[in-house]
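Chains, contacts and geometry: an overview
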Amino acid sequence: YTQRHVGHFRSPSETHSSMAEEAKKLAGYAAVDNHVKDNHVVGVGSGSTIVFAVDRLAERVRQEKLNIVCVPTSFQARQLILKHGLVLSDLDRHPELDVAIDGADEVDAALTLIKGGGGCLTQEKIVAGCAKHFIVIADFRKASSTLGQQWKKGVPIEVIPMSYVPVSRTIAKLFGGEAVLRMAVNKAGPVVTDNSNFILDWKFENPQNWAVVNTTIKMIPGVVETGLFVGMAERVYFGMEDGTVSVR
Ligand code: ABF
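These numbers come from a predicted model, not from an experiment.

**Things to note about the overall build of the protein**
Looking only at helices and strands, the protein features six helices and 14 strands. Relative to a compact globule of 248 residues, whose C-alpha radius of gyration would be 18 Å, the protein shows 18 Å and is just as compact. The C-alpha extent of the protein, read off along each of the three principal axes, is 55 × 50 × 35 Å. Buried residues in the protein amount to 48% of all 248 residues.

Spelled out as structure tokens, the structure:
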């Protein structure tokens, strides 16, 4: 129980979400403790789970006087690095990373990931691709055997704005389902990524051969990147409901 819950009855969903927050922290801490060493160049992912990892990273840098350089995967990650007083770099100066740590929306049994629920998939994939080790952190709600069991919003696909209608039609023709333009929460307009592009959320109908789907969708003119990370994650840390960390 944290201070804000004292004297306050927690509903089941509130309990569940505070458990998820604790689970994110467990995963983030485990990844940083097991994979970050002195003189490392570290890729910093985006989302809410990475926040805990960066907390731990900053703590270790302070306590152990580590010499760490961070490469962000988004505007959010950049702000996080700066807020903690960590050393900010980029791929121009550090095109090879020792490790990249990032969250995910869903992880299947083969460590294929759906990412991009937060809209930062392209820079995340670039940074992960530059890392010797790509480590994923997630809470227990992200684990599945087959993609689509947990994350119901579909595969995010970043597209050049003028192409979203033809890309959406081509994906539906090739693989079925529906690829929908992601709108801002207030519905005033589409979500615009850090790269000034749009996002389609492809609601697929059946399990697919994700390697084929990923490369096929990438070949459609207008597609910048897909949120399918196939064969990239080396290890996934799941924070569990019982306070343990499960490694896949
Ligand atoms: C980003 O944040 C995304 O690619 C992924 O969609 C998401 C995970 O966010 P969270 O940790 O908040 O679940 O890394």
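Picking up where we left off.
**Some thoughts on the sheet that holds strand 12 (residues 228-229)**
If you walk across this open sheet you meet the three strands as 5-6-12, and the pairing is antiparallel. The open sheet has two edge strands, strand 5 (106-107) and strand 12, and neither has a second partner. Summarising the sheet, strand 6 (residues 113-114) and strand 12 pair through two bridges and their orientation is antiparallel. Considered in strand 12, the bridge of Ile114 is made with Leu228.

**With respect to the packing of aromatic side chains**
Two descriptors summarise a pair of aromatic rings, namely the distance from one centre to the other and the angle between the planes of the rings. Applying the stated rule across the entire model yields six aromatic pairs. Aromatic pair Phe175 and Trp202: ring centres 5.8 Å apart, planes at 50°, arrangement tilted. Of this pair, Phe175 sits in helix 5 (residues 164-175) while Trp202 sits in strand 10 (residues 198-203), and the two are 27 residues apart along the sequence. Its relative accessible area of 18% is what places Phe175 among the buried residues. Trp202 sits in the buried class, given a relative accessible area of 0%. Taken together through their ring pairs, the aromatic side chains of Phe175, Trp202, Phe204 and Trp210 make up a single cluster. Over the aromatic face of Phe229 sits the side chain of Lys115, whose NZ or CZ is 5.5 Å from the ring centroid.

**Focus: the nonpolar core**
Residues Val36, Ile50, Leu57, Ile68, Leu86, Ile101 and Ile137 are the most contacted members of the largest nonpolar core, which totals 25 residues. Breaking this core down by element, the ones donating at least two residues are helix 1 (12-35), strand 1 (41-44), helix 2 (49-64), helix 3 (75-83), strand 4 (97-102) and strand 7 (131-139). It is helix 2 that contributes the most residues to this core, six residues altogether. The next biggest cluster of nonpolar side chains, apart from the first, holds 21 residues, and it includes Val155, Val167, Trp202 and Val223.

**Remarks on the state of the cysteines**
Scanning the model with the defined rule gives zero disulfides in all. Between Cys70, a cysteine without a disulfide, and Cys130, which holds the nearest cysteine sulfur, the sulfur-to-sulfur distance is 15 Å. Considering cysteine sulfurs only, Cys70 is the nearest to Cys120, which forms no disulfide, with 16 Å between them. The class of Cys120 is buried, set by a relative accessible area of 14%.

**Things to note about the site of the ligand**
The ligand sits among 14 residues. The nearest are Ser48, Thr49, Asp105, Glu124 and Lys142. Residue Gly116 places a main-chain N or O atom 2.8 Å away from an oxygen atom belonging to the ligand. One nitrogen or oxygen atom from the side chain of Lys142 is found 2.6 Å from an oxygen atom belonging to the ligand. Surface burial for the ligand is 91%, taken as the share of its 360 Å² of free accessible area covered by protein chains.

About the thresholds
Residues numbered from 1 in each chain as written. Predicted model: local features only at pLDDT ≥ 70, side-chain atom pairs only at ≥ 80, totals over all residues. Heavy atoms only, no water. Helix = DSSP H or I, 4+ residues; strand = E, 2+ residues; numbered from the N terminus. Rg over C-alpha atoms; globule rule 2.2 N^0.38 Å. Buried < 20%, exposed > 50% of the residue type's maximum accessible area, 1.4 Å probe, protein only. Pairing = 2+ DSSP bridges. Phe/Tyr/Trp six-rings, centres within 6.5 Å; stacked < 30°, edge-to-face > 60°. Lys NZ or Arg CZ within 6 Å of the ring centre and 35° of its normal. Core = buried A, V, L, I, M, F, W, Y, C linked by side-chain atoms within 4.5 Å. Disulfide = S-S within 2.5 Å. Near = heavy atom within 4 Å. Polar contact = N/O pair within 3.5 Å; in protein donor to acceptor, adjacent residues only side chain to side chain. Areas by Shrake-Rupley, 256 points an atom, 1.4 Å probe, with all protein chains shown as cover.

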